[in-house]
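Analysis of the macromolecular model
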Amino acid sequence: MKITILAVGTKMPRWVDEAYQDYAKRFGRDVTLELKEIKPEKRGGGVTAEKGIAAEHARLMAAIPPRSRLVVLDERGRNWTTMQLAHAMKDWLAGGDDLCFVIGGADGLSDELKARADTLLQLSALTMPHGMVRVLLAEQLYRALSILNNHPYHRE
């Protein structure tokens, strides 16, 4: 299985890149994790939030890998526990599809992309910097897989 994270935003602080890579390298051969950064639309100069979201929508749609289950992070999505994420991952693994998680830009995501999602997932009720979301998502995906593999990383 391949897990792709599409994240609107580039040029993250070094600590974000280092922390993300720390978790990404923990994934084994059976499951790989790949981050694809999507160029954000510049705001200002007549570019409204709506126009920016539309431009980012086009870039995100073009980057979604074919035959992937689409999980979009959204503040109004399902608020799962780590164990619920692990159970969903188990089902997704059994289905054989690759996964694609989407992290939106500063102004959010288009309604069309959210409607296309197989799952809308709330990572947290808190507002977080987008770089932090990358790290937290990578950690939770690793944790969910460690639960499925009976690895001692996760403790109840």
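Thresholds, definitions, all that
Residues numbered from 1 in each chain as written. Predicted model: local features only at pLDDT ≥ 70, side-chain atom pairs only at ≥ 80, totals over all residues. Heavy atoms only, no water. Helix = DSSP H or I, 4+ residues; strand = E, 2+ residues; numbered from the N terminus. Buried < 20%, exposed > 50% of the residue type's maximum accessible area, 1.4 Å probe, protein only. Expected span 1.5 Å × (residues − 1). Contact = heavy atoms within 4.5 Å. Pairing = 2+ DSSP bridges. Axes fitted to C-alpha atoms, helices over the stretch in contact; angles between N-to-C directions. Phe/Tyr/Trp six-rings, centres within 6.5 Å; stacked < 30°, edge-to-face > 60°. Core = buried A, V, L, I, M, F, W, Y, C linked by side-chain atoms within 4.5 Å.

Take unusual backbone geometry next. Its identity as a non-glycine residue notwithstanding, K11 has a phi of 55°, on the positive side. Position of K11 relative to the elements: it lies in the loop between strand 1 (2–8) and helix 1 (14–24). The phi dihedral of R67 falls on the positive side, at around 55°, and the residue is not glycine. Tracing the chain through its elements places R67 in the loop between helix 2 (49–63) and strand 3 (68–78). Owing to a relative accessible area of 70%, R67 belongs among the exposed residues under this scheme.

Taking 1.5 Å of rise per residue, the 14 residues of helix 3 (residues 82–95) would be expected to cover 20 Å, and the 20 Å separating its terminal C-alpha atoms lies within 8% of that figure. In the core, the buried residues of helix 3 are packed alongside strand 1, strand 3, strand 4 (98–103), strand 5 (119–121) and helix 5 (130–148). G96 occupies a position one or two residues after helix 3 and carries a positive phi of about 85°.

Further remarks concern the sheet that holds strand 5. The parallel open sheet is built from five strands, whose spatial order is 2-1-4-3-5. Each edge of the open sheet is held by one strand with a lone partner, namely strand 2 (32–38) and strand 5. Within this sheet the neighbouring strands show an average axis-to-axis angle of 30°, counted without direction. Note: strand 3 against strand 5, four bridges, orientation parallel. Looking across to strand 5, one finds that R78 is bridged to L121.

This part is about the packing of aromatic side chains. Each pair of aromatic rings is reported with the distance of its centres and the angle of its planes. For the structure shown, the criterion picks out three aromatic pairs. Ring centres of W80 and W92 lie 6.2 Å apart, and the angle between their planes is 40°; on these two criteria the pair is classed as tilted. Residue W80 is found in the loop between strand 3 and helix 3, and its partner W92 is found in helix 3; the two are separated by twelve residues along the sequence. With a relative accessible area of 8%, W92 lands in the buried category.

The subject of this paragraph is the nonpolar core. Ranked by internal contacts, the top residues of the largest apolar core, which has 31 residues, are I3, L33, M89, F101 and L141. Elements with a contribution of two residues or more to this core: strand 1, helix 1, strand 3, helix 3, strand 4 and helix 5. With nine residues, the top contributor of residues to this core is helix 5. The contacts of L33, once residues within four sequence positions are left out, are I3, I5, Y20, A24, F27, A138 and L141.

Turning our eyes to something else, we now look at the side chain of K114. Locating K114 in the fold gives a position in helix 4 (residues 111–116). Overall, K114 belongs to the buried group, its relative accessible area being 18%. When sequence neighbours within four positions are dropped, the list of residues in contact with K114 reads V72, D74, R76, L109 and L120.

By themselves, these figures tell us nothing about what the structure is for.
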